[in-house]
Amino acid sequence: LSIEWVFPTDKQASYFQIDPQTRLIRSKRLRSVDGNPTMIETNHYPPGFAYLFEEDLNGSLFAILKKHNFQFTVTERTLETCFPSSHECQLLNIKSGTPLLLFRDSHAALDGTPSFLSSQLYNTQNMKFYF
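*Asks:* In this structure, what is going on with the side chain of Thr98? I would like to understand it.
*Replies:* Position of Thr98 relative to the elements: it lies in the loop between α3 (86–92) and β5 (100–109). Judged by its relative accessible area of 12%, Thr98 falls in the buried class. Among the polar contacts made by the side chain of Thr98, one reaches the main-chain carbonyl oxygen of Lys95 at a distance of 2.6 Å.

*Asks:* Would you mind going over the pairing of β5 with me for this structure?
*Replies:* Among the ten residues in β5, nine count as buried, and that is most of the element. Strand direction decides the pairing type here: strand β4 (residues 72–82) and β5, joined by ten bridges, are antiparallel. Bridge pairing in β5 links Thr73 to Ala108. Remark: four residues form the turn of the hairpin made by β5 and strand β6 (residues 114–122), two consecutive strands paired antiparallel; Gly112 in that turn has positive phi of roughly 95°.

What counts and what doesn't
Residues numbered from 1 in each chain as written. Predicted model: local features only at pLDDT ≥ 70, side-chain atom pairs only at ≥ 80, totals over all residues. Heavy atoms only, no water. Helix = DSSP H or I, 4+ residues; strand = E, 2+ residues; numbered from the N terminus. Buried < 20%, exposed > 50% of the residue type's maximum accessible area, 1.4 Å probe, protein only. Polar contact = N/O pair within 3.5 Å; in protein donor to acceptor, adjacent residues only side chain to side chain. Pairing = 2+ DSSP bridges.

Right, here's the structure in full:
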């Protein structure tokens, strides 16, 4: 959907240990399963990930990161329920008030350096999660 430079929230600046005037990269992607919009993914990265502006973000993000020799781990994952905004309803082709699942992940490089923050907003209609 988009990739752009944005100013961090206080929480993001704290996570990345950066000055609040240092811009982050924000990517937004709409993911589909069998042609049906299923998830809106929003990621925030520090400036060192600027190579993402040159990549095709329609495919696997993990393949892109691997291509750039970046390895990471999930340091924290939360799950909550929420309701979509009108814009999210349009993107996911759902009715207002449809309950969604919101995953929020913190990622770090293998040495512990904060790497990126991710949120995935899932339309769970006709979906199963396997853990």
